[in-house]
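For reference, the chains in residue letters:
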Amino acid sequence: MTSPKPDPIFSANARQHKRERARAHFEDHDFIHKRAAEDVVDRFETVLKHFENVLLYGPGAALTAKALTPKANVGKVTIADDISNGEDMVVAAAEALPFSDQQFDAVASVMALHAVNDLPKALAEARRVLKPDGLFIGIFPGERTLHELRWALQTAEAEVTGRVAPRVLPFVAVKDGGALLQRAGFALPVGDVLELPITYQNPMRLFADLRGAGETSHLKKGPKGGLRRDVLAHALTLYQKRFPSEDGGVHVTLELVALTGWAPHASQPQPLKPGSATASLQAAIQHQE
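Definitions and limits used
- Residues numbered from 1 in each chain as written.
- Predicted model: local features only at pLDDT ≥ 70, side-chain atom pairs only at ≥ 80, totals over all residues.
- Heavy atoms only, no water.
- Helix = DSSP H or I, 4+ residues; strand = E, 2+ residues; numbered from the N terminus.
- Buried < 20%, exposed > 50% of the residue type's maximum accessible area, 1.4 Å probe, protein only.
- Contact = heavy atoms within 4.5 Å.
- Areas by Shrake-Rupley, 256 points an atom, 1.4 Å probe, with all protein chains shown as cover.
- Salt bridge = Lys/Arg side-chain N within 4 Å of Asp/Glu carboxyl O.
- Arc of directions from axis to C-beta.
- Polar contact = N/O pair within 3.5 Å; in protein donor to acceptor, adjacent residues only side chain to side chain.
- Core = buried A, V, L, I, M, F, W, Y, C linked by side-chain atoms within 4.5 Å.
- Phe/Tyr/Trp six-rings, centres within 6.5 Å; stacked < 30°, edge-to-face > 60°.
- Lys NZ or Arg CZ within 6 Å of the ring centre and 35° of its normal.
- Axes fitted to C-alpha atoms, helices over the stretch in contact; angles between N-to-C directions.
- Parallel < 35°, antiparallel > 145°, perpendicular 65-115°, else oblique.
- Nonpolar A, V, L, I, M, F, W, Y, C, P; charged D, E, K, R; others polar.

Engineer: How do you make sense of the overall build of the protein chain when you look at a structure like this?
Structural biologist: Helix and strand counts for the protein chain stand at 9 helices and 7 strands. In the protein chain, which comprises 289 residues, the share counted as buried stands at 47%. Put simply, of all contacts in the protein chain between residues at least 6 apart along the chain, 79% involve residues at least 24 apart. Summed over its atoms, the accessible surface of the protein chain is roughly 15,500 Å², and 54% of this surface lies on carbon and sulfur atoms.

Engineer: Please clarify how the pattern of salt bridges should be interpreted in this entry.
Structural biologist: A side chain of one charge can pair with a side chain of the opposite charge if their charged atoms are brought near each other. Enumeration over the complete set of coordinates arrives at 16 salt bridges. A salt bridge links Glu 20 to Arg 23, with the nearest nitrogen and oxygen atoms 3.0 Å apart. Notably, a salt bridge pairs Lys 175 with Asp 176, separated by 3.6 Å at the nearest N-O pair. With relative accessibility at 62%, the residue Lys 175 sits in the exposed group. Using a relative accessible area of 37% as the deciding quantity, one classes Asp 176 as partly exposed. Each member of the salt-bridge network shares a partner with another, and the members are Arg 19, Asp 81 and Asp 82.

Engineer: Looking at this structure, how should I read unusual backbone geometry?
Structural biologist: Glycine aside, residues mostly have negative phi, and peptide bonds are mostly found in the trans state. Backbone geometry places Asp 133, a non-glycine residue, at a positive phi of 70°. Relative to the assigned elements, Asp 133 resides in strand β5 (residues 130–141). Take Asp 133: its relative accessible area is 18%, and that puts it in the buried class.

Engineer: For this particular structure, what's the right way to read helix α1 (residues 12–22)?
Structural biologist: Quick reminder: α-helices carry 3.6 residues per turn. Residues three or four places apart thus point the same way. Inspection of α1 places Arg 15, Lys 18, Arg 19 and Ala 22 among the buried residues, and these make up the whole buried set. Axial view of α1: buried residues confined to an arc of 95°, hence all on one face. The outward face of α1, more than 90 degrees from its buried face, is lined by the exposed residues Asn 13 and His 17. Against the buried residues of α1 lie β2 (74–81) and α7 (203–212).

Engineer: Can you walk me through helix α4 (residues 119–128) in this structure?
Structural biologist: Those residues of α4 that fall on the buried side of the exposure criterion are Leu 119, Ala 122, Leu 123, Glu 125 and Ala 126. Looking down the long axis of α4, one finds its buried residues gathered within 155° of arc, a one-sided arrangement. A side-chain oxygen of the first residue of α4 lies 3.1 Å from the backbone nitrogen of Lys 121; this N-cap is Asp 118.

Engineer: Even after reading the chapter, I still don't get the nonpolar core, so can you show me in this structure?
Structural biologist: Where a protein is soluble and globular, its nonpolar side chains tend to be buried together. Counting 45 residues, the largest nonpolar core has Phe 44, Phe 51, Leu 135, Leu 146, Leu 149, Leu 206 and Tyr 239 as the members making the most contacts within it. Discounting residues that sit within four places of it in the chain, Leu 206 has contacts with Leu 146, Leu 149, Tyr 200, Tyr 239 and Val 252. In terms of nonpolar packing, the next biggest core, distinct from the first, is built from 28 residues, Phe 104, Leu 123, Leu 130 and Val 172 among them.

Engineer: Any chance you could explain the packing of aromatic side chains here in plain terms?
Structural biologist: Each aromatic ring pair is summarised here by two numbers: the centre-to-centre distance and the angle between the ring planes. Throughout the structure, instances matching the rule amount to 5 aromatic pairs. Consider the rings of Tyr 239 and Phe 243, whose centres lie 5.7 Å apart with planes at 75°: the pair is edge-to-face. Tyr 239 gets classed as buried once you look at its relative accessible area, which sits at 3%. Judged by its relative accessible area of 16%, Phe 243 falls in the buried class. Seen from the ring of Trp 151, Arg 242 lies directly overhead, with NZ or CZ sitting 4.4 Å from the centre.

Engineer: Is there a simple way to explain the environment of Pro 203 in this structure?
Structural biologist: Mapped onto the elements of the fold, Pro 203 is located in helix α7. Given a relative accessible area of 5%, Pro 203 falls into the buried group. Linking Pro 203 and Gln 240, residues 37 residues apart in sequence, is a C-alpha distance of 8.1 Å. Residues contacting Pro 203, with those up to four places away along its chain left out, are Leu 236, Gln 240 and Val 250.

Engineer: Please clarify how the packing of α7 against helix α8 (residues 229–242) should be interpreted in this entry.
Structural biologist: The angle between the axes and the distance between the axes are what describe a pair of packed helices. α8 packs onto α7 with a crossing angle of 115° between their chain directions and a minimal axis gap of 10 Å. Our classification of the angle between α7 and α8 gives roughly perpendicular. Contacts from Pro 203, Met 204, Leu 206 and Phe 207 in α7 reach Leu 232, Leu 236, Tyr 239 and Gln 240 in α8. Classifying every residue of the contact of α7 with α8 gives 7 nonpolar, 1 polar and no charged.

Printed below as a string of structure tokens:
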């Protein structure tokens, strides 16, 4: 018997609405997307291989395309996102990419995977459209992102109202992402984390940047409507007391998780089969002695 499919965590319609609303002034608040795009370009530049046909998808895809350099060694670029920005791009969801099997030499997901309901399916889709020995790069906010804000909102709401409602997205841990890469069939999976400590002089500016980037909560079972004013005021007070910066502002943690993996190919390094080692650990120890 097939187990029932879990209820969606996120509302795709809510995220689309928030991103559409933010589109007009996105470039005023897109610094984290630009940083993610730069990281993807850096990774292309460090691989000594030409990628003739590349798919970039997600909210940071267009920024990544603009940031590409000759050193990145990328040929044709296809840009996709789940909302249209009026440019030459494909409208596509990460969990249902409208492309043929083994179509691309490289796929990069830029600021999309933290907002999908079925991350294993999204990774499987990226694996499906990759040619053998094709590179996948996925970059998205990690589990410690906005942990200060999460604590302040939860504590303030509990103290003022006696209830707690989720208002910050649950983010993926790098170790979980690495395990899901293997599950999706990627070879040579690697996950690493880039922590970006940031200071805001006014915590309200953080809320403005999240709204302006279209990255506020779209939890399906999240609270309806905004925060009560007394809860927000208390949250800001708690935040400033618990996470002050030296210049009088507050600390904000933004964490980027980068996952990389390759579509399997016979030319790639293969792990040894169990029992096939030609020297024993005991012999190595005796040699050192």
